[in-house]
Amino acid sequence: MAEHRTVMVAARVTPAEHTAWREKAAAAGVSPSALLRGAMARTRTWTASARAVERERTRQIARIGNNLNQLARWANMHTPARI
């Protein structure tokens, strides 16, 4: 049995945003409600712990890139001169 949607969610938007959302929904061939439900279903949220993990991962990748640049610089400076 299909679940009935009985709860309404309200959001304040500008007239331009409202028009844009209705146009996007029409272009997709769905109602504005279906468009917003689909968009919210695809949206990823971050918890504080996930954000911290991602920040640390980004730092580690930056460190690896820095080390790689230092190795490339050293290799370029210490290669025998070509005649």
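Scroll up to find the structure this text is about.
No experiment lies behind these values; they were computed from the predicted model shown.

Outline the pattern of salt bridges, listing residues and values.
In this structure the tally under the stated criterion is 3 salt bridges. In this structure, R57 engages E54 in a salt bridge whose closest nitrogen and oxygen atoms are separated by 2.9 Å. Note that R57 and E54 are positioned in helix α3 (residues 48–77) at a spacing of 3 residues, about one turn of the helix. Its relative accessible area of 44% is what places R57 among the partly exposed residues. In this structure, R59 engages E56 in a salt bridge whose closest nitrogen and oxygen atoms are separated by 3.6 Å. Placement of both R59 and E56 in helix α3 is noted, with a separation of 3 residues, approximately one turn of the helix. Looking at R59, the relative accessible area reads 42%, which means it is partly exposed. For E56, a relative accessible area of 30% gives the class partly exposed. Via salt bridges that share partners, E56, R59 and R63 belong to a single interconnected network.

An account of the packing of helix α1 (residues 15–28) against helix α2 (residues 32–42) is needed here, citing residue identities and associated values.
Put simply, α1 and α2 touch, their axes get as near as 8 Å, and they point 90° apart. Between α1 and α2, the angle falls in the class roughly perpendicular. Seen from α1, the contacting residues are W21, R22, K24 and A25; seen from α2, they are P32, L35 and L36. Considered class by class, the residues forming the contact of α1 with α2 number 5 nonpolar, no polar and 2 charged.

Lay out the layout of surface pockets in plain terms, naming residues and giving numbers.
Size it by volume and the largest pocket reaches roughly 590 Å³. No other element matches the 6 residues that α2 contributes to the lining of the largest pocket. A breakdown of the residues in the lining of the largest pocket according to their chemical character gives 11 nonpolar, 2 polar and 3 charged.

What counts and what doesn't
- Residues numbered from 1 in each chain as written.
- Predicted model: local features only at pLDDT ≥ 70, side-chain atom pairs only at ≥ 80, totals over all residues.
- Heavy atoms only, no water.
- Salt bridge = Lys/Arg side-chain N within 4 Å of Asp/Glu carboxyl O.
- Helix = DSSP H or I, 4+ residues; strand = E, 2+ residues; numbered from the N terminus.
- Buried < 20%, exposed > 50% of the residue type's maximum accessible area, 1.4 Å probe, protein only.
- Axes fitted to C-alpha atoms, helices over the stretch in contact; angles between N-to-C directions.
- Parallel < 35°, antiparallel > 145°, perpendicular 65-115°, else oblique.
- Contact = heavy atoms within 4.5 Å.
- Nonpolar A, V, L, I, M, F, W, Y, C, P; charged D, E, K, R; others polar.
- 1 Å grid on protein atoms, 1.4 Å probe; cavity = no way out; pocket = protein on both sides within 12 Å on 5 of 7 lines; lining within 4 Å.
- Points joined across faces, edges and corners; volume = space filled by probe spheres on them.

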